[in-house]
Amino acid sequence: MMRRRAFIASGLGLCTAPLVALAQHAGKVARIGILVGTTPERVARNPRWGAFLKGLRDLGWVEGQNLVIEWRFAEGQLGRLAELAADLARIRVDAIVTAPAPSALAAQVATRSIPIVVLDPGDPVGLGLVASLARPGGNITGTTSIAPELAAKRLALLKEAVPAMVRVAVLANAAIPPAEIAIRELDAAAKVLGVQIQLVPIQGVKGIEQAFGEIARQHADGIVVFPDPLTFSNEVAITSFALKSRIPALYGAMEFVQAGGLMSYGPSYQEMFRRGATYVDRILKGAKPADLPIEQPTRFEFVLNLKTAKALGLAIPQSVLLRADRVIE
């Protein structure tokens, strides 16, 4: 575990002071657990976690001085999350931080007393993590990427970029289906925009190719991809399929565009994770999760890959180009 903690610290530019230094630091030392479904290598490369840890440092929590972080990695085996969450509960950390939904659900089962800060769990109300966004009511709080207008905005942007688009496939992880609010928004927007949408659930990693086949059978001329652990970890396969099939696609996070996808629209995940550090800070200072409303995103990013647009033979309208926060050429 020490080696892995050092790996994360090195990858994110953090302090790697030996933990024995904690004993020499005056005052209470806080201990938090971070539960993730992926690997140390992916976490070290992920700017979201870098933003979270920087947020902690900016608030005065420095690993090796007044903070111990217990990392737990499921290494892509989500079935391990339950035992890892139970281990964090057993050692009685002061708070557990999770991202995304599978980790949050595992932590919820493991403890109803230790505060849990969730980062991007999808729909925390629909998943049963909290009673409501405004009044969580238990030991869980944090940030969510759910925003009422998000799904409709994505579909509208894709339609504006591809005016001839009629049939849109919505690609999502079957284990973490799109929130009900997102489906309602998509249906309403589709009627206004004159397009037809069809949900294409991915049944695990082995189901990705089957999902691609279903999109082809539907003769979809547009794809909307929901961001979740399964789609994130297979972003290259998904973006490559869309490019090879010459189907314009809009993704829920800029990592897909960086991997060759056409465009993305979604919350600033780095800002969400940085805000998550504020929740940890308040909890370590005595606040109760039940009294801390779940925070929805207020900052959104539209990213466009012109190289991919050219490969698809698309002429992106000027009205779309002007709204892009970032353009990859």
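Below is a short write-up of the structure.

About the cut-offs
Residues numbered from 1 in each chain as written. Predicted model: local features only at pLDDT ≥ 70, side-chain atom pairs only at ≥ 80, totals over all residues. Heavy atoms only, no water. Axes fitted to C-alpha atoms, helices over the stretch in contact; angles between N-to-C directions. Helix = DSSP H or I, 4+ residues; strand = E, 2+ residues; numbered from the N terminus. Left-handed = near helix turned anticlockwise from the far one by under 90°. Contact = heavy atoms within 4.5 Å. Nonpolar A, V, L, I, M, F, W, Y, C, P; charged D, E, K, R; others polar. Expected span 1.5 Å × (residues − 1). Buried < 20%, exposed > 50% of the residue type's maximum accessible area, 1.4 Å probe, protein only. Arc of directions from axis to C-beta. Core = buried A, V, L, I, M, F, W, Y, C linked by side-chain atoms within 4.5 Å. Pairing = 2+ DSSP bridges. Salt bridge = Lys/Arg side-chain N within 4 Å of Asp/Glu carboxyl O. Phe/Tyr/Trp six-rings, centres within 6.5 Å; stacked < 30°, edge-to-face > 60°. Lys NZ or Arg CZ within 6 Å of the ring centre and 35° of its normal.

## Description of the packing of helix α3 (residues 47–58) against helix α12 (residues 269–284)
Across the interface, α3 lies against α12 with an axial gap of 7 Å and an inter-helix angle of 35 degrees. Where α3 crosses over α12, the handedness of that crossing is right-handed. Counting all contacts with α3, which are made through P47, R48, W49, A51, F52, G55 and L56, the residues of α12 involved are Y269, Q270, F273, R274, G276, A277 and V280. In terms of residue class, the contact of α3 with α12 is made up of nine nonpolar, three polar and two charged.

## Quick look at helix α6 (residues 150–161)
Under the 1.5 Å per step criterion, the end-to-end length of α6 is 17 Å for twelve residues, consistent within 8% with the ideal 16 Å. α6 sits mainly inside the fold: nine of its twelve residues count as buried. For α6, every residue scored as buried is listed here: L150, A151, A152, R154, L155, L157, L158, K159 and A161.

## Points about the packing of α6 against helix α7 (residues 180–193)
Across the interface, α6 lies against α7 with an axial gap of 7 Å and an inter-helix angle of 35 degrees. Two packed elements cross with a definite hand, and for α6 against α7 that hand is right-handed. Contacts between α6 and α7 involve A151, A152, L155, A156 and K159 from the former and A182, E185, L186, A189, A190 and L193 from the latter. Of the residues assigned to the contact of α6 with α7, the class counts are nine nonpolar, no polar and two charged.

## What about α7?
Along its 14 residues, α7 runs 20 Å from first to last C-alpha, staying within 8% of the 20 Å computed at 1.5 Å per residue. Where α7 is concerned, the buried positions are A182, L186, A189 and A190. In an axial view of α7, the angular spread of the buried residues amounts to 105 degrees, which keeps them on one side of the axis. In α7, the exposed positions angled more than 90 degrees off the buried face are occupied by E180, K191 and V192. Looking at the packing, one finds that the buried side of α7 touches α6, β6 (167–173) and β7 (196–202). Downstream of α7 by one or two residues, G194 has phi in the positive range, about 75 degrees.

## A few points about the nonpolar core
Among the nonpolar cores identified, the biggest contains 48 residues, and W49, F52 and L171 are the most heavily contacted of them. Sort the elements by how many residues they give to this core and α12 lands first, with seven residues. By size, the runner-up hydrophobic cluster in this structure holds 32 residues, among which are L150, V170, A189 and Y265.

## What about the sheet that holds strand β1 (residues 30–36)?
Ordered by their spatial adjacency, five strands build an open sheet running β2-β1-β3-β4-β5, and the pairing between neighbours is parallel. Each edge of the open sheet carries a strand with a single partner, namely β2 (67–73) and β5 (140–143). For this sheet the average axis-to-axis angle between neighbouring strands, irrespective of direction, equals 20 degrees. Of the pairings in the sheet, the one linking strand β4 (residues 116–119) to β5 comprises four bridges and is parallel in character.

## Looking at the pattern of salt bridges
According to the stated counting rule, one finds 13 salt bridges in the structure shown. Where R90 meets D87, a salt bridge forms, and the shortest distance between an N and an O atom there is 2.5 Å. One end of the pair, R90, and the other, D87, are both in helix α4 (residues 81–90), three residues apart, so they sit about a helical turn from each other. When its relative accessible area of 59% is taken as the criterion, R90 is described as exposed. Connected through salt bridges with shared partners, the residues R31, E70, R72, D87 and R90 form a single ionic network.

## Some points on the pairing of strand β8 (residues 222–225)
Residues G222 and V224 line one face of β8 and the alternating positions I223 and V225 line the opposite face, and both faces are buried. When β8 meets strand β9 (residues 249–251), the two strands line up parallel, connected through three bridges. When the bridges of β9 are listed, V225 appears paired with Y251.

## Some thoughts on the packing of aromatic side chains
Tallying each qualifying case throughout the model produces eight aromatic pairs. Plain terms: the ring middles of W49 and F273 are 5.2 Å apart, the flat faces sit at 85 degrees to each other, and that makes the pair edge-to-face. Of this pair, W49 sits in helix α3 while F273 sits in helix α12, placing them 224 residues apart in sequence. Accessibility assignment for this pair places W49 and F273 in one class, buried. Relative to F300, the ring of Y265 lies with its centre 5.9 Å away and its plane at 15 degrees, an arrangement referred to as stacked. Here Y265 is found in strand β10 (residues 263–267), whereas its partner F300 is found in strand β11 (residues 300–305), with 35 residues between them in sequence. Taken together, the ring pairs connect W49, F52, W71, F73 and F273 into an aromatic cluster. Taking NZ or CZ as reference, R48 lies 3.9 Å from the ring centre of Y269, over its face.

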